[in-house]
Amino acid sequence: MPTVPAGVVVLDCAEPEKLAEFYRELLAAEVVDAQANRVEIRAADGFRLALRRDTNATAPSWPRPENSLQAHLEFVVDDLDAVERLIVGLGGRPVETKDATGPLEERGYADPAGHSFTVRCDVPVAPKLG
């Protein structure tokens, strides 16, 4: 029996209710716990994410070096273009970090509070060059 049977990724942010809604919609998740300073969601596959209120939270500046990457989430998807439309529609934004000449295997984004995350295809959509 594992000593730690489950874990929760926790992101600090100024407005946990709003950020929880972004991830709830993105992951087709459900709210499993909501308190004054913390909201936790769970996706159908069991992934758990909590958003915790920190009134002094500052958005990461990645890929710039100052206040850079603090945490990084990665999600596996089937259709990068469809998920990008959903992310942007929910208030997220693309973070362009490399010059791409064709279909990307993964894409970087920032959620509405500035946390970075990546979506990638389970199976590469283009062969690696070089």
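In the block above lies the structure referred to throughout.
Report on the accompanying structure. (Residues numbered from 1 in each chain as written. Predicted model: local features only at pLDDT ≥ 70, side-chain atom pairs only at ≥ 80, totals over all residues. Heavy atoms only, no water.)

### Focus: the overall build of the chain
The secondary structure content of the chain amounts to 2 helices and 8 strands. The linear arrangement of helices and strands in the chain, starting from the amino end, is β-α-β-β-β-β-α-β-β-β. Going through the 130 residues of the chain one by one, you find that 32% of them count as buried. For the chain, the share of sequence-separated contacts (at least 6 apart) that also reach a separation of at least 24 residues comes to 54%. With the model as given, the accessible surface of the chain reaches about 8200 Å², and the carbon-plus-sulfur share is 51%. (Helix = DSSP H or I, 4+ residues; strand = E, 2+ residues; numbered from the N terminus. Buried < 20%, exposed > 50% of the residue type's maximum accessible area, 1.4 Å probe, protein only. Contact = heavy atoms within 4.5 Å. Areas by Shrake-Rupley, 256 points an atom, 1.4 Å probe, with all protein chains shown as cover.)

### Examining the sheet that holds strand β1 (residues 9-13)
Adjacent strands of a sheet form backbone hydrogen bonds with each other and so pair up, either parallel or antiparallel. Overall, mixed pairing links the 4 strands, which are arranged β1-β4-β3-β2 in an open sheet. The sheet is open, and its two edges are formed by β1 and β2 (30-35), each paired on a single side. With direction set aside, neighbouring strand axes in the sheet form an average angle of 20°. In the sheet, β1 pairs with strand β4 (residues 48-53) via 5 bridges, with the strands oriented parallel. The residue bridging Val-10 from the neighbouring strand is Ala-50, located in β4. Docked against the sheet, helix α1 (residues 16-27) engages β1, β2, β3 (38-42) and β4, running at close to 165° with respect to β4. (Pairing = 2+ DSSP bridges. Axes fitted to C-alpha atoms, helices over the stretch in contact; angles between N-to-C directions.)

### A look at the environment of Arg-52
The topology assignment puts Arg-52 in strand β4. Residue Arg-52 is classed as partly exposed on the basis of its relative accessible area, which comes to 39%. Sequence separation between Arg-52 and Asn-37 is 15 residues; the distance between their C-alpha atoms is 5.7 Å. For Arg-52, the contacting residues outside a window of four places in its chain are Val-10, Leu-11, Asp-12, Cys-13, Pro-16, Asn-37 and Arg-38.

### So, the packing of α1 against helix α2 (residues 80-89)
Taken N-terminus to C-terminus, the directions of α1 and α2 make an angle of 155°; their axes are 10 Å apart at the nearest point. Accordingly, the angle class assigned to the pair α1 and α2 is roughly antiparallel. The interaxial crossing formed by α1 with α2 has right-handed handedness. Facing α1, whose interface residues are Phe-22, Glu-25 and Leu-26, α2 presents Val-83, Leu-86 and Ile-87. Tallied by class, the residues present in the contact of α1 with α2 amount to 5 nonpolar, no polar and 1 charged. (Parallel < 35°, antiparallel > 145°, perpendicular 65-115°, else oblique. Left-handed = near helix turned anticlockwise from the far one by under 90°. Nonpolar A, V, L, I, M, F, W, Y, C, P; charged D, E, K, R; others polar.)

### Describing α1
Across its 12 residues, α1 extends 16 Å between first and last C-alpha, which sits within 8% of the 16 Å expected from 1.5 Å per residue. What α1 keeps buried is the set Pro-16, Leu-19, Ala-20, Phe-22, Tyr-23, Leu-26 and Leu-27. Summarising the axial view, the buried residues of α1 lie within an arc of 155°, below the 170-degree limit, and thus occupy one face. One or two positions beyond α1, positive phi appears at Ala-28, with a value near 50°. (Expected span 1.5 Å × (residues − 1). Arc of directions from axis to C-beta.)

### Details of unusual backbone geometry
Phi is positive for Ala-28, which is not a glycine, with a value near 50°. Take Ala-28: it is sitting in the loop between α1 and β2. For Ala-28, a relative accessible area of 62% puts it in the exposed group.

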